[in-house]
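Okay, here's what each chain looks like letter by letter:
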Amino acid sequence: MGVASKRIFVTGGTGYIGSHTCVELLGSGYDVTVFDNLSNSNPEVLHRIARITGKPFHFVEGDIRDKSALRQAMSYGSPEKIIHFAGLKAVGESVEHPLRYYDNNVAGSLCLLEVMNELGVRSLVFSSSATVYGASEELPYKETHRLAAMNPYGVTKLTVENILRDLCRSDTRWRAGILRYFNPVGAHASGLIGEDPRGVPNNLMPYIAQVAGARHDCLNVWGDDFPTEDGTGVRDYVHATDLAVGHVKALGHLDGDSSHDRCLAVNIGTGRGHSVMDMVRAFEAACGHTIAFKVGPRRDGDLPAYFADATLAQTLLDWQAERDLATMCRDT
Ligand code: NAD
Ligand code: UFG
């Protein structure tokens, strides 16, 4: 890989997954520029990334919907590739405030793609989600599954995926790596960066962590009457550092030339499902005390179970998850 291809522009790079990815990028010798409006992150993360890696990088505070800010920031480092994490990600909030989600996630991505096109930077890795598969009886989810997002957040992800597919079809200079994350959890092994949701967490792992840290009395288990082994919901949890490594591997694959390679969609999961109770037990083992829980009704829209078919990531990107549930809980 030449020197030029080592320059990467990361939108949303101070967020949960972005920060872990910056650590892996810097560790792999990339020159990194982070662009983030800090709407869901803390600038302290920048110091933490520098502390973990011991490497300098560039940060620009800005919004992806602001084309002139993007133009200026991108001109600075002359990046060859982009990793696009910036976006809003709360399903419930997207149902309440769809315009906010379409504006930030879809209009924001369009601004980014337009500026990339202007500047001749036509390679990116995009954060998509298993949510684009919608409800499906067939498990595991393969990349060829029918796509059917079920909420505004999911529709924004699917819309950007569709835009990228159209773009790559229309102009052979474009390269897109669409990574469909399953359930990212865990934190960097240093303990310096991790997931730090504002307010009461919606997601399971940060909620369990807050019960362990005595910020809540007990976990609400949303339903124990699903058709799963122990009745609780099953998901494919993947460590944030494994996910971050997946981005570095995907960047390396963006240089492919076949029509198949020009716009890839790849699942990023472990290929294994764990129930809510598996997560509680694993967290108890990691922190050495019990996690109180009570069973409540199912949460609206929750599927009983899903997990990835992760073989494409392995064959195409030479990536597979290496960190097990115990490590995910310990690092959290
Ligand atoms: P995060 O909220 O921690 O990170 C997103 C970052 O983007 C934040 O730092 C935020 O300040 C920034 N941002 C948001 N809107 C912006 C804008 N308009 N301009 C500039 N910066 C902006 O979220 P995350 O968990 O790190 O997720 C990263 C990406 O991965 C998101 O696109 C998300 O939808 C996707 N994703 C996340 C999950 C998950 O469970 N965490 C699962 C699947 C997909
Ligand atoms: N759960 C509880 N109690 C809680 C939180 C969650 O029992 O307090 C259960 C849920 O019912 C589900 C499992 O834990 O069975 C996982 O729930 P999360 O909220 O952690 O994750 P989801 O699978 O519902 O959703 C996540 C992301 C979405 C993304 C989706 C698909 O939050 O943004 O994965 O990738 F779309």
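Residues numbered from 1 in each chain as written. Chains lettered and ligands numbered in written order. Predicted model: local features only at pLDDT ≥ 70, side-chain atom pairs only at ≥ 80, totals over all residues. Heavy atoms only, no water.

1. Topic: the overall build of the chain
Phase 1 of the analysis: If you tally the helices and strands in the chain, you get 12 helices and 13 strands.
Phase 2 of the analysis: Expected size for 332 residues packed as a compact globule is a radius of gyration near 20 Å; at 19 Å, the chain falls within 12% of this value.
Phase 3 of the analysis: A total of 332 residues make up the chain; the buried ones form 54% of that total.
Phase 4 of the analysis: Across the chain, every contact between residues at least 6 apart in sequence was considered, and the portion connecting residues at least 24 apart equals 78%.
Phase 5 of the analysis: Split by element, the accessible area of the chain, about 14700 Å² in all, is 49% carbon and sulfur.
Phase 6 of the analysis: Distance from the positive charge centre (32 side chains) to the negative charge centre (40 side chains) of the chain: 4 Å. (Helix = DSSP H or I, 4+ residues; strand = E, 2+ residues; numbered from the N terminus. Rg over C-alpha atoms; globule rule 2.2 N^0.38 Å. Buried < 20%, exposed > 50% of the residue type's maximum accessible area, 1.4 Å probe, protein only. Contact = heavy atoms within 4.5 Å. Areas by Shrake-Rupley, 256 points an atom, 1.4 Å probe, with all protein chains shown as cover. Lys, Arg positive; Asp, Glu negative; His and termini not counted. Charge placed at Lys NZ, Arg CZ, Asp CG, Glu CD.)

2. Some details on the pattern of salt bridges
Phase 1 of the analysis: Applying the stated criterion to the full structure yields 17 salt bridges.
Phase 2 of the analysis: Of the charged contacts, one joins Arg 65 and Asp 63 as a salt bridge, the two residues approaching to 2.7 Å between their closest N and O atoms.
Phase 3 of the analysis: With a relative accessible area of 18%, Asp 63 lands in the buried category.
Phase 4 of the analysis: In this structure, a network of salt bridges that share partners links the residues Asp 63, Arg 65 and Asp 103. (Salt bridge = Lys/Arg side-chain N within 4 Å of Asp/Glu carboxyl O.)

3. Some remarks on the side chain of His 145
Phase 1 of the analysis: Counting through the fold element by element, His 145 comes out in the loop between β5 (123-129) and α6 (152-170).
Phase 2 of the analysis: By relative accessible area, His 145 is classed as buried at 14%.

4. Considering the site of ligand 2
Phase 1 of the analysis: Around ligand 2, 23 residues are found, and the nearest of them are Asn 203, Asn 220, Arg 235, Arg 299 and Asp 302.
Phase 2 of the analysis: A distance of 2.7 Å separates an oxygen atom of ligand 2 from a polar atom in the side chain of Asn 203.
Phase 3 of the analysis: Here Asp 302 contributes a side-chain N or O atom positioned 2.5 Å from an oxygen atom of ligand 2. (Near = heavy atom within 4 Å. Polar contact = N/O pair within 3.5 Å; in protein donor to acceptor, adjacent residues only side chain to side chain.)

5. Structural notes on the site of ligand 1
Phase 1 of the analysis: Around ligand 1 sit 27 residues in total, of which Ile 17, Asp 36, Asn 40, Lys 89 and Tyr 153 are the nearest.
Phase 2 of the analysis: Note that an oxygen atom of ligand 1 is positioned 3.5 Å from one of the side-chain N or O atoms of Thr 14.
Phase 3 of the analysis: In the model, an oxygen atom of ligand 1 is placed 2.8 Å from a nitrogen or oxygen of the Lys 157 side chain.
Phase 4 of the analysis: Contact with the protein chains covers 95% of the free accessible surface of ligand 1, which is 810 Å².
Phase 5 of the analysis: Examining the composition of the shell around ligand 1, we find that 3 residues originate from one element, β5, more than from any other.
Phase 6 of the analysis: Tallied by class, residues from the shell around ligand 1 come to 9 nonpolar, 13 polar and 5 charged. (Nonpolar A, V, L, I, M, F, W, Y, C, P; charged D, E, K, R; others polar.)

6. A look at the packing of helix α1 (residues 16-27) against helix α2 (residues 44-53)
Phase 1 of the analysis: Between α1 and α2, the shortest axis-to-axis distance is 10 Å and the interhelical angle comes to 30°. Judged by the angle between their axes, α1 and α2 are roughly parallel. Classified by chirality, the crossing of α2 by α1 is right-handed. Residues Ser 19, Cys 22, Val 23 and Leu 26 of α1 form the contact with α2, whose participating residues are Val 45, Ile 49, Ile 52 and Thr 53. (Axes fitted to C-alpha atoms, helices over the stretch in contact; angles between N-to-C directions. Parallel < 35°, antiparallel > 145°, perpendicular 65-115°, else oblique. Left-handed = near helix turned anticlockwise from the far one by under 90°.)

7. Quick look at the pairing of strand β8 (residues 219-222)
Phase 1 of the analysis: Burial of the side chains of β8 is restricted to one face: Leu 219 and Val 221 are buried, whereas none of Asn 220 and Trp 222 on the reverse face is.
Phase 2 of the analysis: Alignment of β8 against strand β13 (residues 293-296), held across 4 bridges, turns out to be parallel. Within β13, the residue paired with Leu 219 across the bridge is Phe 293. (Pairing = 2+ DSSP bridges.)

8. Some points on the packing of aromatic side chains
Both the distance between ring centres and the angle between the ring planes are used here to describe each pair of aromatic rings.
Phase 1 of the analysis: With the rule as written, the count across this model stands at 6 aromatic pairs.
Phase 2 of the analysis: A centroid spacing of 5.5 Å and a plane angle of 5° characterise the contact between Tyr 141 and Tyr 306, whose relative ring orientation is stacked. Here Tyr 141 is found in the loop between β5 and α6, whereas its partner Tyr 306 is found in the loop between β13 and α11 (311-317), with 165 residues between them in sequence.
Phase 3 of the analysis: Taking relative accessible area as the criterion, Tyr 306 reaches 14% and is therefore assigned buried.
Phase 4 of the analysis: Here a set of aromatic residues connected by ring pairs shows up, and it is made of Tyr 133, Tyr 141, Phe 182 and Tyr 306.
Phase 5 of the analysis: In this structure, Lys 6 packs its charged tip against the face of Tyr 30, placed 4.5 Å from the ring centre.
Phase 6 of the analysis: In this structure, Arg 298 packs its charged tip against the face of Phe 226, placed 4.1 Å from the ring centre. (Phe/Tyr/Trp six-rings, centres within 6.5 Å; stacked < 30°, edge-to-face > 60°. Lys NZ or Arg CZ within 6 Å of the ring centre and 35° of its normal.)

9. Digging into the environment of Ala 214
Phase 1 of the analysis: Within the element layout of this structure, Ala 214 appears in the loop between α7 (204-212) and β8.
Phase 2 of the analysis: Of the residues examined, Ala 214 reaches a relative accessible area of 65% and is grouped as exposed.

10. What to know about the sheet that holds β5
Phase 1 of the analysis: Taken together, the 7 strands give an open sheet; going across it, the order is β3-β2-β1-β4-β5-β6-β11, and neighbouring strands pair in parallel fashion. Both outer strands of the open sheet, β3 (58-61) and β11 (263-268), are each paired with one neighbouring strand and no more. Going across the sheet, the axis of each strand differs from the next one's by a mean of 20°, ignoring polarity.
Phase 2 of the analysis: Contacting β5, β6 (175-181) and β11, α6 runs over the sheet at an angle of about 150° to β5.

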